[in-house]
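Summary of the model geometry
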Amino acid sequence: MKNLKSVGLIVAIVLALMFFSCKTEVPCKDYEANSGAIISNVDLGKCFVIMNDTTYVVRTRTQLHALQQDINVDYKETYGVLCDTLSMDKLVEIDFSQESILGFYTEANGCSVSFGKKLTFDHRNLKAFFEITVYECGNCEMIRSDMNWVKTEKIPDDYSVEYILVKGSAL
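1. Considering the overall build of the chain
Regarding its fold elements, the chain presents three helices and 10 strands. Residues classed as buried in the chain amount to 32% of the 171 residues present. By sequence separation, contacts in the chain at least 24 residues apart represent 80% of the contacts at least 6 residues apart. Surface accessibility of the chain: about 10,700 Å² in total, with carbon and sulfur atoms responsible for 55%.

Right, here's the structure in full:
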């Protein structure tokens, strides 16, 4: 009986030490925000999210349709079926005479990940800069990715787009 009490006491002490020694996860701030010439985030559907290692600037509806066709081909090659959620009627109406779409694939690790997006123009040098700041928080090993599709003010045809990735601190 004495051994049972000793074992119980040891178990209680070990559990107490484990409970009090656990580091509490610091709450992560949400930095999901757009600034500059970005009008809004755009949800292009499930199939547009499977892309990776790439950047896109879409200035016309014809370019958007070509992108849709490329994704249908890639999706069919990868999964053996056409993407059932990829239909143009699901897209937010975009006036390509006034607006463009940008996409920039990023990856991050963490329990919580936010993407701060900014678009600026250098009219003198005919450039647009699409900057994404990735905020990672937590000790999770999970990889999170995003295409970061946004609707922007019109990017003129003669402008080049530079894509900039910055690592921020989410604490």
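After presenting the structure, the write-up continues.
2. Description of the side chain of E99
Inspection of the secondary structure assignment puts E99 in strand β4 (residues 99-104). Setting aside its immediate chain neighbours within four residues, E99 contacts I39, R59, E93, I94, K151, T152, E153 and K154.

3. Some points on the environment of R59
Structurally, R59 can be placed in the loop between β3 (55-58) and α3 (61-79). The spatial distance from the C-alpha of R59 to the C-alpha of L102 is 8.8 Å, given a sequence separation of 43 residues. The contacts of R59, once residues within four sequence positions are left out, are F96, E99, S100, K154, I155, P156, D157, Y159 and V161. Of note is the side chain of R59, whose polar atom sits 2.7 Å from the backbone oxygen of Y159.

4. Topic: the packing of aromatic side chains
Evaluated as defined, the whole model comprises five aromatic pairs. With centroids separated by 6.1 Å and ring planes inclined at 55 degrees, the aromatic side chains of F104 and F130 adopt a geometry described as tilted. In this pair, F104 sits in strand β4 while F130 sits in strand β7 (residues 127-137), placing the two residues 26 residues apart along the sequence. Judged on exposure class, the residue F104 and its partner F130 are both buried. Of the aromatic side chains, those joined through ring pairs into one cluster are F104, F130 and Y163.

5. What about the sheet that holds strand β6 (residues 112-122)?
Judged by pairing direction, the sheet is mixed, and its four strands sit side by side in the order β1-β6-β7-β10 without closing on themselves. Edge positions in the sheet fall to β1 (33-36) and β10 (160-169), since each of these pairs with one other strand and no more. This sheet shows a mean twist of 15 degrees between the axes of neighbouring strands, independent of strand direction. Strand direction decides the pairing type here: β7 and β10, joined by 10 bridges, are parallel.

6. Considering the nonpolar core
Nonpolar side chains tend to gather and get buried jointly when the protein is soluble and globular. Counting 16 residues, the largest nonpolar core has L102, L119, F130, I132, V134, I155 and V161 as the members making the most contacts within it. The set of elements that each furnish at least two residues to this core consists of β4, β6 and β7. Discounting chain neighbours no more than four positions away, the residues touching I155 are V57, R59, S100, L102, L119, F121, A128 and V161. Residues V42, I71, I94 and M147 belong to the second largest nonpolar core, which totals 12 residues.

What counts, and where the lines are drawn
Residues numbered from 1 in each chain as written. Predicted model: local features only at pLDDT ≥ 70, side-chain atom pairs only at ≥ 80, totals over all residues. Heavy atoms only, no water. Helix = DSSP H or I, 4+ residues; strand = E, 2+ residues; numbered from the N terminus. Buried < 20%, exposed > 50% of the residue type's maximum accessible area, 1.4 Å probe, protein only. Contact = heavy atoms within 4.5 Å. Areas by Shrake-Rupley, 256 points an atom, 1.4 Å probe, with all protein chains shown as cover. Polar contact = N/O pair within 3.5 Å; in protein donor to acceptor, adjacent residues only side chain to side chain. Phe/Tyr/Trp six-rings, centres within 6.5 Å; stacked < 30°, edge-to-face > 60°. Pairing = 2+ DSSP bridges. Axes fitted to C-alpha atoms, helices over the stretch in contact; angles between N-to-C directions. Core = buried A, V, L, I, M, F, W, Y, C linked by side-chain atoms within 4.5 Å.

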